[in-house]
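Single-letter residue listing:
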Amino acid sequence: EMPHNFFQVSNLEKAGILNKTKVSENGKKIRKNWGHSWTVLHGGILTFHKDPKSTPTGASSKTNHIVPEFTVDLKGATIGWANKDKSSKKNVLELKSRNGAEYLIQYDTESIITDWYKVIVDTISQLDLD
Ligand code: I3S
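In what follows, the accompanying structure is described. (Residues numbered from 1 in each chain as written. Predicted model: local features only at pLDDT ≥ 70, side-chain atom pairs only at ≥ 80, totals over all residues.)

1. Points about the overall build of the protein chain
- When helices and strands are tallied, the protein chain shows two helices and eight strands.
- What you see in the protein chain, going N to C, is helices and strands ordered as α-β-β-β-β-β-β-β-β-α.
- Partitioning the intrachain contacts of the protein chain with sequence separation of at least 6 by distance along the chain shows that 42% fall at a separation of at least 24. (Helix = DSSP H or I, 4+ residues; strand = E, 2+ residues; numbered from the N terminus. Contact = placed C-beta atoms within 7 Å.)

Written out as C-alpha cells, the structure is:
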C-alpha cells in the first residue's frame, strides 16, 4: 500500500512548458516580457527557467532550458485567474508572492493551465498549514 505522505508529496510536484512574464517587483510595476518557460514545481518552490530564445547573444541553446530565471516561494503566495485588463491573452493566471513580486502565467490549452492552477492552489494551502 502506498504511504499517504508519498501520495501527498507527489501530488505537489509538476513540470512543464508555460508562458510567463513578471509584471511587478517589490510592489512596483515593471514592463512585461512574455516568454516560454520550462516551469518546475518542487518543494513548494516554483521555478521558471529562461526562454532559450531570449539569451543576450540570441544563441538558441538547449542548455538554457535549465537555467533558472525566477524562483517563487509559494509560502504566503496567492494565485487567481487574471482579470481581462491584465492581459489580452486567454487562460491567464496571476501569481503574487509574499515579497511583492507578481507574475502572469498563461497557456492556450485550458486543461493544462487549469492543472497548474490546481496544483499551485493545493501547494499554497499545504504550505499555509506549516
Ligand atoms: O499590459 P500591456 O502593456 O498591454 O502588455 C503588452 C506589452 O507588454 C507588449 O509589449 P510592448 O511592451 O513592447 O508593447 C506585449 O507584446 C504584449 O504581449 C503585452 O500584452 P498582453 O495582452 O499580451 O499581456
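2. A word on unusual backbone geometry
- Of note in the backbone geometry, Asn26 takes a positive phi value of approximately 50° without being a glycine.
- With a phi angle near 55°, Asn91 is a residue other than glycine that sits in the positive phi range.
- If you trace the backbone, Asn91 turns up in the loop between strand E6 (78-81) and strand E7 (92-96).
- Among the residues examined, Asn91 registers 20 C-beta atoms within 10 Å and is labelled buried. (Buried ≥ 20, exposed ≤ 12 C-beta atoms within 10 Å, placed from the backbone.)

3. Quick look at the pairing of strand E3 (residues 35-42)
- Judged from the seven bridges that link them, strand E1 (residues 14-25) and E3 form a sheet pairing that is antiparallel. In the strand pairing of E3, Asn19 is matched with His36.
- Where E3 meets strand E4 (residues 45-49), four bridges bridge the pair, whose relative direction is antiparallel. Residue pairing in the sheet places Leu41 in a bridge with Leu46 of E4.
- Between the antiparallel neighbours E3 and E4 lie two residues, among them Gly43 with a positive phi of about 60°. (Pairing = 2+ DSSP bridges.)

4. Details of helix H2 (residues 110-128)
- The first and last C-alpha atoms of H2 sit 27 Å apart over 19 residues, in line with the 27 Å expected at 1.5 Å per residue.
- Among the residues of H2, Ile113, Trp116, Ile120 and Thr123 are the ones counted as buried. Around the axis of H2, the buried residues are gathered within 90° of arc, so they sit on the same side. Opposite the buried face of H2, at more than 90 degrees from it, the exposed residues are Glu110, Ser111, Lys118, Ser125 and Asp128.
- Looking at the buried residues of H2, the elements they touch are E1, E3, E6, E7 and strand E8 (102-106). (Expected span 1.5 Å × (residues − 1). Arc of directions from axis to C-beta.)

5. Structural notes on the environment of Lys14
- Tracing the chain through its elements places Lys14 in strand E1.
- By C-beta crowding, Lys14 is classed as partly exposed, having 17 other C-beta atoms within 10 Å.
- Sequence spacing of Lys14 and Asp115 is 101 residues, and the spatial spacing of their C-alpha atoms is 9.4 Å.
- If we skip the residues at most four places from it in the chain, Lys14 touches Leu41, Trp116 and Val119.

6. Topic: the environment of Asp51
- Its location among the elements puts Asp51 in the loop between E4 and strand E5 (68-73).
- Apart from the residues within four sequence positions on either side, Asp51 is in contact with Gly35, His36 and Ser37.

7. Thoughts on the nonpolar core
- Counting 15 residues, the largest nonpolar core has Val72, Leu95 and Tyr103 as its most contacted members.
- Taken together, the elements giving at least two residues each to this core come down to E7, E8 and H2.
- Top contributing element to this core by residue count: H2, with three residues. (Core = buried A, V, L, I, M, F, W, Y, C linked by C-beta atoms within 7 Å.)

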